[in-house]
Amino acid sequence: MLPRKQQALVDLCGFHDPDPAVVFQRVLEVMAAEYGGTMAMINLLDGDVVRFRAVVNPHPLMTRYSSLALPHTYCQFCLGHGSPVLIQDAATDARCEDHPAVRWGFTRYLGVPVSRPTGETIGTLCFVDNRSHELIGELDVQFLSMLAMRASAELERERMIEARIAEEQATAAQLAELNAQLLQTAEEKRRFVATVIHDLRQSVAAIRTLLFVLAQQDDAVERADCQRILNERILSLNEMVDELLEYVRIEASQKPPELEAVELSKFLARLTEEFQPDAQLRQVQLDVDVAGLGMAMTDPTRLSQVVRNLLGNAIKFTVRDPAEDSPAREPGWVAVRARDLDGSRWQLQVEDNGIGIAGEYVPRIFEEFYQAPQAHACEVQANYPRGWGLGLAIVKHSCTSLGATVEVSLRLEGGTCFSLTFPR
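In this text, all values refer to a predicted model and were calculated from it rather than measured experimentally.

**Looking at the side chain of Thr124**
Next, step 1: With respect to the helices, strands and loops of the structure, Thr124 is situated in strand 6 (residues 121-129).
Next, step 2: Given a relative accessible area of 0%, Thr124 falls into the buried group.
Next, step 3: Ignoring sequence-local partners within four residues, the contact set of Thr124 consists of Met41, Ile42, Asn43, Cys75, Cys78, Leu79, Tyr109, Val112 and Val114.

**Remarks on unusual backbone geometry**
Next, step 1: One non-glycine residue, Asn57, lies in positive phi territory at about 55°.
Next, step 2: Along the polypeptide, Asn57 turns up in the loop between strand 2 (49-56) and strand 3 (67-69).

**Observations concerning a nonpolar patch on the surface**
Next, step 1: A surface patch of nonpolar side chains, amounting to about 290 Å² of accessible area, comprises Leu175, Leu178 and Leu182.
Next, step 2: Secondary-structure assignment places Leu182 in helix 5 (residues 138-216).
Next, step 3: Judged by relative accessible area, which is 52%, Leu182 ranks as exposed.

**Section: the pairing of strand 5 (residues 108-115)**
Next, step 1: In terms of burial, strand 5 is largely enclosed, as 7 of its 8 residues are buried.
Next, step 2: When strand 4 (residues 85-87) meets strand 5, the two strands line up antiparallel, connected through 3 bridges. Bridge pairing in strand 5 places Ile87 opposite Tyr109.
Next, step 3: Relative to strand 6, strand 5 runs antiparallel, the two sharing 8 bridges. Each bridged residue has a counterpart across the sheet, and for Ser115 the counterpart in strand 6 is Thr121.
Next, step 4: The antiparallel pairing of strand 5 with strand 6 creates a hairpin that spans 5 residues between the two strands, and Gly119 there sits at a positive phi of about 100°.

**Examining the environment of Gly354**
Next, step 1: Mapped onto the elements of the fold, Gly354 is located in the loop between strand 11 (345-352) and helix 10 (373-381).
Next, step 2: C-alpha of Gly354 to C-alpha of Val319: the two residues are 35 residues apart in sequence and 7.0 Å apart in space.

**Regarding helix 11 (residues 391-401)**
Along an α-helix, residues three or four apart share an orientation, since each turn contains 3.6 residues.
Next, step 1: Within the span of helix 11, buried status applies to Gly391, Leu392, Ala393, Ile394, Val395, Ser398 and Cys399.
Next, step 2: Just past helix 11, the residue Gly403 takes up positive phi, approximately 75°.

**A word on the packing of helix 7 (residues 264-273) against helix 9 (residues 300-316)**
Next, step 1: Contact pair helix 7 / helix 9: the axes reach a minimum separation of 10 Å and the direction vectors enclose 45°. Here helix 9 runs oblique to helix 7, going by the angle between their axes. Crossing hand, helix 7 versus helix 9: right-handed. Residues Leu264, Phe267, Leu268, Leu271 and Thr272 of helix 7 lie in contact with helix 9, whose contacting residues are Pro300, Leu303, Ser304, Val307, Arg308 and Leu311.
Next, step 2: Split into classes, the residues belonging to the contact of helix 7 with helix 9 amount to 8 nonpolar, 2 polar and 1 charged.

**Re the sheet that holds strand 10 (residues 333-340)**
Next, step 1: Strand order in the open sheet formed by 5 strands is 8-10-11-13-12, with mixed pairing between adjacent strands. Strand pairing shows two members of the sheet lacking a second neighbour, strand 8 (285-289) and strand 12 (405-410), which therefore form its edges. The mean inter-strand angle of the sheet, taken between neighbouring strand axes irrespective of direction, is 10°.
Next, step 2: Pairing geometry for strand 11 and strand 13 (residues 416-423), over 7 bridges, is antiparallel. Within strand 13, the position partnered with Arg345 by the bridge is Pro423.
Next, step 3: Relative to strand 11, helix 7 is tilted by about 20°, and along the sheet it contacts strand 8, strand 10 and strand 11.

**Observations regarding the packing of aromatic side chains**
Next, step 1: Counted according to the given criterion, the structure contains 5 aromatic pairs.
Next, step 2: Relative to Phe127, the ring of Tyr35 has its centre 4.3 Å away and its plane inclined at 25°; by these criteria the two rings are stacked. In this pair, Tyr35 sits in the loop between helix 2 (20-34) and strand 1 (39-46) while Phe127 sits in strand 6, placing the two residues 92 residues apart along the sequence.
Next, step 3: Overall, Tyr35 belongs to the buried group, its relative accessible area being 7%.
Next, step 4: For Phe127, a relative accessible area of 0% translates into the label buried.
Next, step 5: On the numbers, 5.5 Å between centres and 55° between planes, the contact of Tyr74 with Tyr109 is tilted. Of this pair, Tyr74 sits in the loop between strand 3 and helix 3 (75-81) while Tyr109 is found in strand 5, placing the two residues 35 residues apart along the sequence. For the pair Tyr74 and Tyr109, a shared accessibility class is recorded, and that class is buried.
Next, step 6: Members of the aromatic cluster, joined through ring pairs, are Tyr35, Phe127 and Phe143.
Next, step 7: Arg26 extends its terminal NZ or CZ atom over the ring of Phe15, reaching a point 4.7 Å from the ring centre.
Next, step 8: The ring of Phe77 has Arg95 lying over it, and the distance from NZ or CZ to the ring centre is 5.7 Å.

Reading the values: the criteria
- Residues numbered from 1 in each chain as written.
- Predicted model: local features only at pLDDT ≥ 70, side-chain atom pairs only at ≥ 80, totals over all residues.
- Heavy atoms only, no water.
- Helix = DSSP H or I, 4+ residues; strand = E, 2+ residues; numbered from the N terminus.
- Buried < 20%, exposed > 50% of the residue type's maximum accessible area, 1.4 Å probe, protein only.
- Contact = heavy atoms within 4.5 Å.
- Patch = residues over 30% accessible without salt bridge, like charges linked within 9 Å, V, L, I, M, F, W, Y side chains within 5 Å.
- Areas by Shrake-Rupley, 256 points an atom, 1.4 Å probe, with all protein chains shown as cover.
- Salt bridge = Lys/Arg side-chain N within 4 Å of Asp/Glu carboxyl O.
- Pairing = 2+ DSSP bridges.
- Axes fitted to C-alpha atoms, helices over the stretch in contact; angles between N-to-C directions.
- Parallel < 35°, antiparallel > 145°, perpendicular 65-115°, else oblique.
- Left-handed = near helix turned anticlockwise from the far one by under 90°.
- Nonpolar A, V, L, I, M, F, W, Y, C, P; charged D, E, K, R; others polar.
- Phe/Tyr/Trp six-rings, centres within 6.5 Å; stacked < 30°, edge-to-face > 60°.
- Lys NZ or Arg CZ within 6 Å of the ring centre and 35° of its normal.

Right, here's the structure in full:
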């Protein structure tokens, strides 16, 4: 027959439960039974506080508390040294002079450290009572140390379970958020496709009608006017198809940017010069300051996409309504500025004093197929083809691929400023 302590350890080795708390309870019951129903505890260190993780046979005084300040416990000695501590009679032990536990009547204590697999001491397994006349020795220290190993293993299992639950909850939340985004995107694309189909049909119907009218028209002036409208319709349809194809190409492309040395000042000056005729036609002053930038490694195609989309939008949404013209009204303007930042970065700003963007719409302006409500009204007023909410999405895609950041600020006087910071 095995000695009682050894038999208790063997029995405990055969005990398993999916809930670590049940195992803690069983460990403490084994220990309490070995020492005659004394109070047994698993305590965990939390800063300057010892929290009672599990307690068997609690003293009436202990039922009021879930934790104690570390100096008010005998566990302070065990935790301080990271090794077992035996107090046979606290009333005569110099370490425990004026200790609160002595006044409460707890005079005998044995505690062993509970550690993580890394060796870090995180708490104690201990028992405490008033039976100082019953001697405890090295065999008891070994017995509690064996029990502490089981408690340590269960605490680590509990930590892993909690970490897995937290990870699964976080994953579930991410999946729910992603699913909501996918549903929203799917709905936006559905509406977008419906809009495209409607506008394509409308454009084709208008072109067919104009062709029929043109075929029946004998008056030269009327024919010229009809041809002008027909040409505008065809250009609008062509722009829409080009923009759709460009977006699909960028979204589907996984190819990294094709970097080459670009003389930025000349490159940007040439790009912005393309927009001067349109700005003049729309009576928008276009100011450009891109001098002194030097060379940079970039993808000229993607940089062109960024500049053209931002500058085209700025001119489009800065057109003034003739009905609102007055001497006090500031003329429409667009400013393109570029400057070197610190030798490793350069910045491009496109600013205008146009219709601006309402603050609540700013978080969505880079979404595919999204257009702020006032944008379409401005397009109609300026006699521009309908936008499809893809221009800024293309800007965002291209900037991301070039390692650039994009910031949007709203001018108090009206208008917007897009600030893009590129690596050299």
